[in-house]
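# Observations on the three-dimensional arrangement
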Amino acid sequence: MASNRDWTWFYRLGSPRWFYETTGRWLPWLWTLTLLLLTTGLVWGLGYAPQDAKQGNSFRIIYLHVPVSFLALAGYYLMAIAGAIGLIWKMKLSYMVMKSAAPIGAALTFLALFTGAVWGKPTWGTYWVWDARITSMLILLFLYLGVLALQYAFHSQESGNKASAILALVGTVNIPIIYKSVDWWYTLHQPATIKLTSAPSMHIDMFQPLLMMIIALYCFYALALILFTRAEILQRERKAAWVCELALQADKVAAWEAEE
Amino acid sequence: MSNIGFTAYLKRDLLLSYRRLGEAASPLMFFLLVSILIPLGVSPDPERLAELAPGMMWVMALLATLLSTEGLFATDHQDGSLEQMLIAPQLLALPVLGKVTAHWLVTGLPLTMVSPLIGLMLSLPPVAMVPMMASLAVGTACLSLIGAVGAALTVSLRKGGLLLSILVIPLYIPVIIFGSAAVQTAVDGFNWLGPLAILAAMLCAAIALCPLAIAGALRLVSSN
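The structure displayed is predicted, hence computed values, not measured ones.

### As for the overall build of chain B
If you tally the helices and strands in chain B, you get 10 helices and 0 strands. Going residue by residue from the N terminus, the α and β elements of chain B occur as α-α-α-α-α-α-α-α-α-α. Here chain B has a C-alpha radius of gyration of 18 Å; the compact-globule value for 224 residues is 17 Å, and the two agree. Expressed as a percentage of its 224 residues, the buried residues of chain B come to 50%. A separation of at least 24 residues holds for 83% of the contacts in chain B among residues at least 6 apart in sequence.

### Here we look at the interface of chain B and chain A
Tallying the contact residues gives 21 residues for chain B and 25 residues for chain A. Contributing elements (two or more residues each) for the side of chain B that touches chain A: helix 8 (129–153), helix 9 (161–187) and helix 10 (193–221) of chain B. Looking at the side of chain B that touches chain A residue by residue, the classes come out as 18 nonpolar, 3 polar and no charged.

### Side note on the nonpolar core
Core analysis: the largest hydrophobic core is formed by 120 residues, its most contacted members being C142, I146, V149, A152, L199 and I214 of chain B. When neighbours within four sequence positions are excluded, L199 of chain B is seen to be in contact with S135, V138, G139, C142, V175, F178, G179 and A182 of chain B.

### Some details on unusual backbone geometry
At K90 of chain A, a position not held by glycine, the phi torsion is positive, near 50°. Along the polypeptide, K90 of chain A turns up in the loop between helix 4 (62–89) and helix 5 (92–124). Residue K90 of chain A is classed as exposed on the basis of its 12 C-beta neighbours within 10 Å. We note that S123 of chain B has phi near 45°; this positive angle belongs to a residue other than glycine. Structurally, S123 of chain B is set in the loop between helix 7 (108–121) and helix 8.

### Things to note about the packing of helix 3 (residues 46–69) of chain B against helix 7 of chain B
All names here are of chain B. Packing of helix 3 against helix 7 brings their axes to within 11 Å, and their N-to-C directions diverge by 150°. Between helix 3 and helix 7, the angle is such that the two are roughly antiparallel. The chirality of how helix 3 crosses helix 7 is right-handed. Counted together, A53, M57, A61, A64 and T65 of helix 3 and G108, L111, S115, I118 and G119 of helix 7 form the full contact between these two elements. Counted by class, the contact of helix 3 with helix 7 contains 6 nonpolar, 4 polar and no charged residues.

### Some words on helix 6 (residues 93–106) of chain B
Residues and elements named next belong to chain B. Along its 14 residues, helix 6 runs 20 Å from first to last C-alpha, staying within 8% of the 20 Å computed at 1.5 Å per residue. Taking burial as the measure, the 14 residues of helix 6 include 12 buried ones, the bulk of the element. Among the residues of helix 6, those classed as buried are L94, P95, V96, L97, G98, K99, V100, T101, A102, H103, W104 and V106.

Rules and cut-offs
Residues numbered from 1 in each chain as written. Chains lettered and ligands numbered in written order. Predicted model: local features only at pLDDT ≥ 70, side-chain atom pairs only at ≥ 80, totals over all residues. Helix = DSSP H or I, 4+ residues; strand = E, 2+ residues; numbered from the N terminus. Rg over C-alpha atoms; globule rule 2.2 N^0.38 Å. Buried ≥ 20, exposed ≤ 12 C-beta atoms within 10 Å, placed from the backbone. Contact = placed C-beta atoms within 7 Å. Nonpolar A, V, L, I, M, F, W, Y, C, P; charged D, E, K, R; others polar. Core = buried A, V, L, I, M, F, W, Y, C linked by C-beta atoms within 7 Å. Axes fitted to C-alpha atoms, helices over the stretch in contact; angles between N-to-C directions. Parallel < 35°, antiparallel > 145°, perpendicular 65-115°, else oblique. Left-handed = near helix turned anticlockwise from the far one by under 90°. Expected span 1.5 Å × (residues − 1).

Here it is as structure tokens:
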């Protein structure tokens, strides 16, 4: 039955141990790839890409700002989908992924807002404007914080998981509505003095490093998510036999190293 | 037959709020009292008040609704009647909708009714009175439904109040945008039915989706 076999990978995901061991094998590669892409992208973007005609060097923050904002948004959907999988298939692992995605996403959203503010000061002369996109990002930050707060509010892990999964899903339905309404609110209330979308056609020399940084940040996100999830797995499965074995092994290695 | 749970819970909750009138009136008192603070805190100048009134009234109504949302399922959870609702054979979404409707009748509707009075005190232009009432009537219903999702998620927590506002305020944003926009467009002399129609569309979506989310949250969260 080919169709049955096709799904085995999915069912295997139900085992945190399988995930821990598989990602353990990926980690060295992912670390190398992430560091390589990040350094090349940053050096290329910050050092070698041509200056912007109007903004000079200050535009270079785009190489951090844009990829981070991308992932802040994509991360919310990943979190919500992980939560939905957890609710539907009652999979322990996906709740762990969901819980790990929340702080990473919140940090990325904050970083997007922060880099935006730093960029805004030299370009527009102000750190903050109530622009549609900035406002939406701020709301996204609070959506993340809500999921995070709800997760930790419950004594029982089970309830925290389910509650924050439901909240993440409710947020997913709402995100397009919030974005559209904030967009509409902005066009209604404020004159479009500042255009964030003023660089649709980018020079290829500027675009290539940006693309590289976007890929690098995706790798970084994957790495961070895996590391957070691994920590979460160890924390939650601390009473499982395989984790105890792992800890004992680590103890042995440490003792052996101390003897050396 | 199919709406048995709806009317039963609607009647029950209305009766309960009638018996605890002081509690039911607290959002209304909040609305009235905060409206006193605005002229005192900002300026009693009618022109400035008129400028602020549409947005301020919506913010106050939103906070008043939020204040009352916490208790939506909390007392039922404490005295065990929530569990009775959960083990009842009918579809959970209908009793839930009944409870939320009762909540709106007790909080949103009175807020709508007194809003002309507050509008008068805050020198809201007379043309904006009807749009204010219409948008509050539709909008507070949305707020009740969305807030009930948050209330259901935090029902088993001892101190859910602050958490509830963190969860719910981001979701309230579209409602307040279009609610205050309806009033503002009327003040500016344009056709205010557009924003109101969008608000009504949001209410339709909320009536369809929120009871399901509330029912799911109640089942999953209050069970342990």
